[in-house]
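# Descriptive structure summary
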Amino acid sequence: MPGLLDWILGRLRPPHHKSRATGEGNFQSCIFCGAYSTSRSEFDIIWEDEEFVAFRDISPSAQHHIQLIPKIHIESVKELSKKDVKMLRRMEEIGHSILDTFNAPVSRRKMGFHIPPFYSVLHLHLHVQVLPYKSLVRRLKYPFVRGFGGYEKGLSWFVEIGQAIRILDKGECVTIAPC
Ligand SMILES: [Zn+2]
Ligand SMILES: [Zn+2]
């Protein structure tokens, strides 16, 4: 009875779950979907175009800490696949142009995503940071762990954007475990 199953799953899922198809966010259940709404002025927006918006993190972990998000509601990096590589390349490019405005040297730039369930707001957001971190505890929220033995990434709840692009480009998914 696929019809009944769909109905039950539809009830269990949060309403914004469908929004990738419609391109609309759910303002009630997702704080980041409100980031580009004029009624949500608490976001300090520093950059915006048709598809993406960037704003200052309200509790910066590093010297500069920006969140870059797609306007369309995508839950997390775990949902992405090979077809999303183009979007990530675009986000990387925007991130670097924001970091350019801070005159950040390459060695102090860091960009990446959290992998749920840890530390994450469930709307895809690229952390765009200029190091150093404000504390060791903050630094531990964004571990960049290199993979080995053919794996792109080691065990961690954070994936650097270059790692994410290479993993997805191979047709694999971004997960906490090595991939
Ligand atoms: Zn959202
Ligand atoms: Zn995050």
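Residues numbered from 1 in each chain as written. Chains lettered and ligands numbered in written order. Predicted model: local features only at pLDDT ≥ 70, side-chain atom pairs only at ≥ 80, totals over all residues.

### Side note on the overall build of the protein
The helix and strand tally for the protein stands at five helices and six strands. Within the protein, the fraction of its 179 residues that count as buried is 30%. Within the protein, residue pairs in contact and separated by at least 24 positions form 57% of the contacts whose partners lie at least 6 positions apart. (Helix = DSSP H or I, 4+ residues; strand = E, 2+ residues; numbered from the N terminus. Buried ≥ 20, exposed ≤ 12 C-beta atoms within 10 Å, placed from the backbone. Contact = placed C-beta atoms within 7 Å.)

### Looking at the sheet that holds strand S6 (residues 158–160)
Taken in spatial order, the six strands of this open sheet run S1-S2-S3-S5-S4-S6, and their pairing is antiparallel. The open sheet has two free edges, formed respectively by strand S1 (45–48) and S6, since each of these has just one partner strand. Averaged over all neighbouring strand pairs, the angle between strand axes comes to 30°, with direction disregarded. When S1 meets strand S2 (residues 52–56), the two strands line up antiparallel, connected through three bridges. Across the sheet, residue Ile45 finds its bridge partner in S2, namely Phe55. Of the strands in this sheet, strand S4 (109–114), strand S5 (126–133) and S6 are in contact with helix H5 (residues 161–169), which crosses S6 at around 85°. (Pairing = 2+ DSSP bridges. Axes fitted to C-alpha atoms, helices over the stretch in contact; angles between N-to-C directions.)

### Topic: the packing of helix H3 (residues 85–101) against H5
Put simply, H3 and H5 touch, their axes get as near as 10 Å, and they point 165° apart. One finds that H3 runs roughly antiparallel with respect to H5. The interaxial crossing formed by H3 with H5 has left-handed handedness. Residues Val85, Leu88, Arg89, Met91 and Glu92 of H3 form the contact with H5, whose own contacting residues are Ile161, Ala164, Ile165, Leu168 and Asp169. (Parallel < 35°, antiparallel > 145°, perpendicular 65-115°, else oblique. Left-handed = near helix turned anticlockwise from the far one by under 90°.)

### Description of the UniProt feature "active site" (unreviewed entry) in the protein
Following the UniProt record, one finds the feature "active site" (unreviewed entry) at His125. With respect to the helices and strands, the residue His125 is situated in the loop between S4 and S5. Here His125 falls in the buried class, since 24 other C-beta atoms lie within 10 Å of it. Leave out the neighbours within four places in its chain, and His125 touches Phe32, Gln67, Leu68 and Ile69. (UniProt positions renumbered as here; feature names shortened; annotations may be inferred.)

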